[in-house]
Amino acid sequence: MGIEIAVGMVIAAVALVIVLGSLATLILTGYKISTLNLNNNVQDEIKITGAILESNNQTLLVNITNIGSNLIYDINEFDVIVEYNSTNKTQVVTLLQYNVSWFPIEVFVNSYSSSYIQYNGILPGETLEIKINLPSQVNKNYPLVIVVSPLKGIEATYTY
């Protein structure tokens, strides 16, 4: 009878290890899924902190600051939209193309600046300056609205 009890206890122990192992796997899988969902829901946070229209009334320099806690690396995926009245008083609303109508030129952090290096992105607290070449001259008697929308984030709007 002692051997039967010992065998029964071994079988029960093995069954317990299998059940606990399956439970641990289930818990870890659930954790991984929730972590992935958190990462997918992380949004880039930007703010347009300034804009200057150059004297030709057709070139715009815009400063975009990363106010979030994540590196923003997909700058080339930003949507940049500008709405303004041209010098002939026609309303212009245009979605600008990366490296055609707009491109990054400089990165600022505190009192330091450097040329933008493609694919480096912008760290939290850094400001990216982009240069926008508008399709027509701006009539400065009317407001100019700039909208920048990151691929994984909320758009930022600025009125000049």
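Residues numbered from 1 in each chain as written. Predicted model: local features only at pLDDT ≥ 70, side-chain atom pairs only at ≥ 80, totals over all residues. Heavy atoms only, no water.

Things to note about the pairing of strand β5 (residues 102-109)
Note: β5 against strand β7 (residues 127-133), 6 bridges, orientation antiparallel. Bridged to glutamate 106 within β7 is glutamate 129. Pairing of β5 with strand β6 (residues 112-115), which is carried by 4 bridges, proceeds in the antiparallel orientation. Across the sheet, residue valine 107 finds its bridge partner in β6, namely serine 114. Hairpin connection from β5 to β6: 2 residues lie between these consecutive antiparallel strands, with asparagine 110 at a positive phi of about 55°. (Pairing = 2+ DSSP bridges. Helix = DSSP H or I, 4+ residues; strand = E, 2+ residues; numbered from the N terminus.)

Digging into a nonpolar patch on the surface
Taken together, Leu71, Tyr73 and Leu123 make up a surface patch of nonpolar side chains, about 280 Å² in accessible area. Of the residues examined, leucine 123 reaches a relative accessible area of 44% and is grouped as partly exposed. (Patch = residues over 30% accessible without salt bridge, like charges linked within 9 Å, V, L, I, M, F, W, Y side chains within 5 Å. Areas by Shrake-Rupley, 256 points an atom, 1.4 Å probe, with all protein chains shown as cover. Salt bridge = Lys/Arg side-chain N within 4 Å of Asp/Glu carboxyl O. Buried < 20%, exposed > 50% of the residue type's maximum accessible area, 1.4 Å probe, protein only.)

A few points about the nonpolar core
Nonpolar side chains in soluble globular proteins generally cluster together in the buried interior. In this structure, Val62, Trp102 and Ile132 are the most contacted members of the largest nonpolar core, which totals 29 residues. Ranked by the residues each element gives to this core, the list is headed by strand β1 (residues 46-53), at 4 residues. Ignoring sequence-local partners within four residues, the contact set of tryptophan 102 consists of Ile75, Phe78, Val80, Leu96, Gln97, Ile130, Lys131 and Ile132. (Core = buried A, V, L, I, M, F, W, Y, C linked by side-chain atoms within 4.5 Å. Contact = heavy atoms within 4.5 Å.)

Overview of the packing of aromatic side chains
By convention here, two paired aromatic rings are described through the distance between centres and the angle between planes. Evaluation of the coordinates by the stated rule reveals 1 aromatic pair. Taken together, a centroid distance of 5.0 Å and an interplanar angle of 70° make the contact between tyrosine 98 and tryptophan 102 edge-to-face. Looking at tryptophan 102, the relative accessible area reads 0%, which means it is buried. (Phe/Tyr/Trp six-rings, centres within 6.5 Å; stacked < 30°, edge-to-face > 60°.)

Some thoughts on the side chain of serine 149
Looking at the element boundaries, serine 149 is found in strand β8 (residues 145-149). Look past the residues within four positions of serine 149 in its chain and what remains in contact with it is Glu77, Phe78, Asp79 and Glu155.

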